[in-house]
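# Architecture and fold: a report
Each chain is listed here by its residues.
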There are 2 protein chains.
Amino acid sequence: MTRATGEQFALLTDLYELTMAASYFEEGMHEEATFSLFIRKYPPGRSYFVAAGLAEAVAYLESLRFREEDLAYLESTRLFKREFLDFLKQVRFTGEVWALPEGSLFFKDEPILEVTGPIIEAQLAETFLINAINLQTLIATKAARSTVAAGHRRLVDFSLRRTQGTDAGLKVARASYLAGFVGTSNVLAGKLYGLPVFGTMAHSYITSFSSEIEAFRAFARAFPQNTVLLIDTYDTIAGARKAIQVGQEMAAQGQKLRGVRLDSGDMAALSIEVRRLLNEAGLDYVTIFASGGFDEFKIARTLAAGGCIDAFGVGTKMGVSADVPYFDIAYKLVRYGHRPVMKLSSGKVTYVDKKQIFRRYDDQGLMSGDSIGLRDEALAGAVPLLTPVMAQGRLLKPLPTLAASREYFLQEFAKLPIQYKRLEDPSEYPVAISPGLQALQAQVEERIRRQELE
Amino acid sequence: MTRATGEQFALLTDLYELTMAASYFEEGMHEEATFSLFIRKYPPGRSYFVAAGLAEAVAYLESLRFREEDLAYLESTRLFKREFLDFLKQVRFTGEVWALPEGSLFFKDEPILEVTGPIIEAQLAETFLINAINLQTLIATKAARSTVAAGHRRLVDFSLRRTQGTDAGLKVARASYLAGFVGTSNVLAGKLYGLPVFGTMAHSYITSFSSEIEAFRAFARAFPQNTVLLIDTYDTIAGARKAIQVGQEMAAQGQKLRGVRLDSGDMAALSIEVRRLLNEAGLDYVTIFASGGFDEFKIARTLAAGGCIDAFGVGTKMGVSADVPYFDIAYKLVRYGHRPVMKLSSGKVTYVDKKQIFRRYDDQGLMSGDSIGLRDEALAGAVPLLTPVMAQGRLLKPLPTLAASREYFLQEFAKLPIQYKRLEDPSEYPVAISPGLQALQAQVEERIRRQELE
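These numbers were taken from a predicted model, which means no experiment stands behind them. (Residues numbered from 1 in each chain as written. Chains lettered and ligands numbered in written order. Predicted model: local features only at pLDDT ≥ 70, side-chain atom pairs only at ≥ 80, totals over all residues.)

### Comments concerning the overall build of chain A
Counting its regular elements, chain A contains 16 helices and 19 strands. Reported as C-alpha extents along the three principal axes, the dimensions of chain A are approximately 80 × 55 × 40 Å. Put simply, chain A has 454 residues, and 57% of those count as buried. Contacts in chain A between residues at least 24 apart in sequence constitute 73% of all its contacts with a sequence separation of at least 6. (Helix = DSSP H or I, 4+ residues; strand = E, 2+ residues; numbered from the N terminus. Buried ≥ 20, exposed ≤ 12 C-beta atoms within 10 Å, placed from the backbone. Contact = placed C-beta atoms within 7 Å.)

This is the structure we're talking about:
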């Protein structure tokens, strides 16, 4: 359950991957193909992406196989011949993968991952690979933006109830942690990925007691070291006064109320007033936690208005990346056999052949620009970013732990100059196309125009 | 794998469900609680909702239990006492569920589902139930809107690659079928839910051959009865001419080219021109399939511009409900023991107690208005919609099949007057609050204000 496997999910694919495979099989087309996974354009307001989902992609490729029950289902569709189904039975992924490590920053048109292998294997993986990389990259990017808005304040993933399904609930917890969140409310994600888990009470808890203060006292009895009181069920300020009373009762017993949580209303104004009331009552150590509709924009607005908030629960809007709920992400054939290939469909031109991303840094160590080049080019003074991850269907070395990938992200993100991190109207990070790739691109396009558009 | 189970997913919950449960346990609070699941407001442009996800919710409740490894994980968090973990071990859902059948239409504030049971059981289920109902209802609603735009034309779910995770990929296929789609590209969803599956080829297929027409011919060899040629890889009109040539070659062998697919460019203009070319060549039986960024809005625009399209592949924007990627959906305690309860948090007032939805129809059989009332009220001339689904933790009778729920949706949707179905600026369907509920609501609010806001 930790990882989706290729055995469980061999059929989690678009039917056309299988019909294409059947035709390749009939035509005897088994040459090596390279597919490139990349994001075609920036959604409004986005200016960078945080790579995530590679661990899932690799787990799938390592274990891809069709079970008897899958083949029986395919047979029942009456679309496929017996020989092809027999062939599918022994299909495994035997190719190679180059990829950006999880937590890397990347930009429009840059390949996140390139798969090379016999065309049927590399084609079959398309749907799952896009699905896995798209979601986690989408969420890690949104979460990174939230951390920019929050500065030093702590962020906790609160999104599970409204993520798009159970798998998304788990992946959102993982990807937001990768991008700097401190943990999640999602208990299963805590268990599977080793994340810190957070949470105390909902409004239903308060309303189930005959009075608000009795609910507060009961919780403090059960969790004297971990009490964060939700104070907005009836009225935030009246709730704060009762929390203070309970905080003082706890103090009299040598206990410390840990925090209060606001979940509705004018968060800046309420948090300022609640902070004042707490401090006046000698409870300056009690933290203020805020939740309810937060994303990077509401965090920034609330802090700009002077909100006294120590930590945020960031829920639905991050968990579905509400302003940008998908990326224009694609997995395109860029080479087949010895032939670099591309399509020309309007607005969707792709860069041909096996590629590499080259990154330059300035003398402060800040990122100053990238080039997309051919895999075997060498660009002086630039660092190549895609690294070999799998060869002959096997992982070359264990992937970094999630904690290590989180650390890597934090280091890399510190190297991205602030003009690219603005929440609105960010500058566009410079990405050039290398001379080698430009020349090859022009040559392939010329050949196709001559041949197909006469 | 067909259904998420409560055994797999007992920990797929927010931590606070468990800390609240621990406190209820310590306080000896085991009385019956009723929680109500509803959508608090219409997102922009939405005017109705299509209920979906009940089968998932029921499967979870029927099998909810904490395994040893779950309890061991909870113990490792050091938040919980041994007695509580022992108690959790034997927790099962023993309560009752009233719900709208899948495929029902409902409106703002109307309960989709009400759960009554010992408070710990009913509380623990919160996160999963919201997650399950939110996603499928979100997608069924978006898909229903797409069918309104498409009229009699067929719609196929093409969203898997960019749905938010694997679970969403499956649920989107299911929910869009429930709401009138004819099938999906998602093979695993086809297998699990018995859905028709569709798909032929991607651009990579075309580019892997040395020329476009050779790719077309190869596919026709492999699938003479199921050939839909993707014609926009290099240029749609040049592609159409090659498709016509292959269509004529097929005709000469007594075969019929089934269709062509457009995936980019000006869909209305291109489809008109392609239709003309096909008809002139005697291929009037060849259908035109369109995909690429379609949702209800692009379908409507394309058809309004005269697009000659027989079927649409509807992908990402439906699959993530891009304009409205979540609902403001909540699961709120409405009664505990003998006490109806509510919260007052700003802008988030909830209706108290066990409820029922009553629907009226006009003399043409069209829906004319609903009332939300108390469960045991009777409103003359109105049909109660929530039905008992589970009692004492057991399903009362098998849920309808997906095919039956789809049929039910189609019947119900035909009864919704068109002013509520407009894609933009729809009228607001009338939903009243019954006299009984109004009186109780006022009484409870008065009591709370007196007690908590002095």
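### Overview of the nonpolar core
Counting 298 residues, the largest nonpolar core has A:L113, A:L129, A:V260, B:L113 and B:L129 as the members making the most contacts within it. Beyond its immediate stretch of four places on either side in the chain, A:V260 contacts A:V228, A:L229, A:I231, A:A240, A:A243, A:V274, A:V286, A:I288 and A:F289. (Core = buried A, V, L, I, M, F, W, Y, C linked by C-beta atoms within 7 Å.)

### Remarks on the environment of A:L129
Residues and elements named next belong to chain A. Here L129 lies in helix 6 (residues 126-150). With 110 residues separating them along the chain, L129 and G239 place their C-alpha atoms 48 Å apart. The residues touching L129, leaving out its near neighbours within four places in the chain, are L37, A57, L113 and Y331.

### Focus: the sheet that holds strand 6 (residues 154-157) of chain B
All names here are of chain B. The parallel open sheet is built from six strands, whose spatial order is 7-6-11-10-9-8. One side of each edge strand has no neighbouring strand; the edge strands of this open sheet are strand 7 (183-184) and strand 8 (228-230). As paired elements, strand 9 (residues 259-262) and strand 10 (residues 287-290) share four bridges and run parallel to each other. Across the sheet, V260 pairs through a bridge with I288, a residue of strand 10. (Pairing = 2+ DSSP bridges.)

### Some details on the relation of the copies chain B and chain A
Copies of the same chain, two in number, are related to each other by a rotation about an axis and a translation along it. Turning chain B through 180 degrees and shifting it by 0.0 Å along the axis lays it on chain A, with an RMSD of 0.0 Å. Each copy turns onto its partner about a two-fold axis. Counting the interface residues of chain B, we find that 100% of their copies in chain A are interface residues as well, pointing to one common contact surface. (Least-squares fit on C-alpha atoms with pLDDT ≥ 70 in both.)

### A closer look at the sheet that holds strand 16 (residues 383-384) of chain B
Residues and elements named next belong to chain B. The sheet built from four strands is open, its strands ordered 16-14-15-19 with mixed pairing. The sheet is open, and its two edges are formed by strand 16 and strand 19 (431-433), each paired on a single side. Pairing geometry for strand 14 (residues 355-361) and strand 15 (residues 367-374), over seven bridges, is antiparallel. Within strand 15, the residue paired with I357 across the bridge is I372. Where helix 16 (residues 435-452) meets the sheet, it contacts strand 14, strand 15 and strand 19, and its direction lies at approximately 40 degrees from that of strand 15. (Axes fitted to C-alpha atoms, helices over the stretch in contact; angles between N-to-C directions.)

### A closer look at the domain arrangement of chain A
Residue and element names in this part refer to chain A. In terms of domains, chain A is made up of domain 1 (15-139 + 324-452) and domain 2 (149-319). Contacts between the two partners involve 13 residues from domain 1, matched on the other side by 16 residues from domain 2. Secondary structure elements with two or more residues in the side of domain 1 that touches domain 2: helix 6 and helix 15 (402-414). No other element matches helix 15, which puts five residues into the side of domain 1 that touches domain 2. (Domains from an automatic or database assignment.)

### Examining the packing of helix 7 (residues 166-178) of chain B against helix 15 (residues 402-414) of chain B
Residue and element names in this part refer to chain B. Taken N-terminus to C-terminus, the directions of helix 7 and helix 15 make an angle of 45 degrees; their axes are 8 Å apart at the nearest point. The orientation of helix 7 relative to helix 15 falls into the category oblique. Side by side, helix 7 and helix 15 meet where R174, Y177 and L178 of the first sit next to L402, S405, R406 and F409 of the second. Among the residues forming the contact of helix 7 with helix 15, the class breakdown is four nonpolar, one polar and two charged. (Parallel < 35°, antiparallel > 145°, perpendicular 65-115°, else oblique. Nonpolar A, V, L, I, M, F, W, Y, C, P; charged D, E, K, R; others polar.)

### Considering the interface of chain B and chain A
The accessible area lost on association of the parts is a frequent measure of interface size. Listed by partner, the interface residues are 93 residues for chain B and 93 residues for chain A. Here the side of chain B that touches chain A takes nine residues from helix 1 (residues 15-27) of chain B, the largest share from any one element.

### Some words on the confidence of the model for chain A
The pLDDT averaged across chain A works out to 96; a share of 98% of its residues lies at or above 70. As a predicted assembly, this complex carries a pTM of 0.97 together with an ipTM value of 0.97. (pLDDT = per-residue confidence, 0-100.)

### Looking at the pairing of strand 11 (residues 311-314) of chain B
Residue and element names in this part refer to chain B. Going residue by residue along strand 11, you find A311 and G313 tucked away on one face and F312 and V314 tucked away on the opposite face as well. Of the pairings in the sheet, the one linking strand 6 to strand 11 comprises four bridges and is parallel in character. Within strand 11, the residue paired with R154 across the bridge is A311. Here strand 10 runs beside strand 11; their pairing, made up of two bridges, is parallel. By the bridge assignment for strand 11, F289 is matched with A311. After leaving strand 10, the chain enters helix 13 (residues 296-304) and then returns to the sheet as strand 11, a path that is right-handed. (Right-handed = clockwise from strand over helix to strand, strands pointing away.)

### Here's the deal with the environment of B:A378
If you trace the backbone, B:A378 turns up in the loop between strand 15 and strand 16. Separated by 187 residues in sequence, B:A378 and B:K191 have C-alpha atoms that sit 43 Å apart.

### A closer look at the packing of helix 1 (residues 15-27) of chain A against helix 10 (residues 212-222) of chain B
Where helix 1 of chain A meets helix 10 of chain B, the axes come as close as 9 Å, and the angle between the chain directions of the two elements is 95 degrees. When the axis of helix 1 of chain A is compared with that of helix 10 of chain B, the two are roughly perpendicular. The segment helix 1 of chain A lies against helix 10 of chain B, with A:A22, A:S23, A:E26 and A:E27 engaging B:A218, B:F219, B:R221 and B:A222. Partitioned by chemical class, the residues of the contact of helix 1 of chain A with helix 10 of chain B number four nonpolar, one polar and three charged.

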